[in-house]
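Residue-level structural notes
Listed here are the chains, written in short residue letters.
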Amino acid sequence: MTTESRAVREPGEPGESHKERVDRELQELLQGLRVAVTGVQVLFAFLLTVPFQQGFTKIDQLGLWLFFISLLGSALASICFITPAAQHRLIFRTGLKERMIHRANRLGIAGAIFLLIAMTSAVALVAEVVLNNWPAAIFGGVVALTGTWFWLLEPIVDLRRER
């Protein structure tokens, strides 16, 4: 058994108490969400300014749909990534930290899915405006497939192999 596979199966670090493990897991989770929230907030802020740009009225119906899908995806991703920090403030010192970690993990996965939707539709929108419809589908598809593989499928494959 490799060191990496043992680390996956062990409930905590050697000599680590349950409370120390929960505290460490919370810190690791919040750090990962901090990285993700920065990227999604930049995308969200950019999308909020797009309708006020001069050429926005020239976007066709497909472009408008892609814009709103991207805007909604980035808003929902922001909510998912920010929720654990907001909930942590509300349930601080209540003994619900472990429940919050499990919830935050699910929210992080949902946020990644929403972020992938936002990125895919944003790339497709730019490609649709600059190139045309069929390249938009290709570029959007490449982003969707790449993100789906690296963010979701590859870890799921690893989990199944470990079992």
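Our subject is the structure listed above.
Residues numbered from 1 in each chain as written. Predicted model: local features only at pLDDT ≥ 70, side-chain atom pairs only at ≥ 80, totals over all residues. Heavy atoms only, no water.

1. Some points on the nonpolar core
Membership of the largest hydrophobic core comes to 28 residues, with the highest contact counts inside it found for Val40, Leu43, Phe67, Phe81 and Leu115. Among the secondary structure elements, those contributing two or more residues to this core are α2 (18–49), α3 (61–90) and α4 (97–130). Considering each element in turn, this core owes the most residues, 10 residues, to α2. Filtering out sequence-adjacent residues up to four positions away, Phe67 remains in contact with Leu47, Val50, Pro51, Phe56 and Leu125. (Core = buried A, V, L, I, M, F, W, Y, C linked by side-chain atoms within 4.5 Å. Buried < 20%, exposed > 50% of the residue type's maximum accessible area, 1.4 Å probe, protein only. Helix = DSSP H or I, 4+ residues; strand = E, 2+ residues; numbered from the N terminus. Contact = heavy atoms within 4.5 Å.)

2. Notes on the environment of Leu26
Within the fold, Leu26 resides in helix α2. Sequence-distant contacts of Leu26, defined by excluding residues within four places in its chain, comprise His88, Lys97, Met100 and Ile101.

3. Quick notes on the packing of aromatic side chains
Applying the stated criterion across every chain yields a total of 2 aromatic pairs. Pairing Phe56 with Phe67 gives two aromatic rings, centres 5.2 Å apart and planes at 70 degrees, and the pair type is edge-to-face. Of this pair, Phe56 sits in the loop between α2 and α3 while Phe67 sits in helix α3, and the two are 11 residues apart along the sequence. Comparing Phe56 with Phe67, the two get one shared label, buried. An angle of 75 degrees between the planes, with centres 5.0 Å apart, marks the rings of Phe67 and Phe68 as edge-to-face. Classification of Phe67 as buried rests on a relative accessible area of 2%. One aromatic cluster in this structure is built from Phe56, Phe67 and Phe68. (Phe/Tyr/Trp six-rings, centres within 6.5 Å; stacked < 30°, edge-to-face > 60°.)

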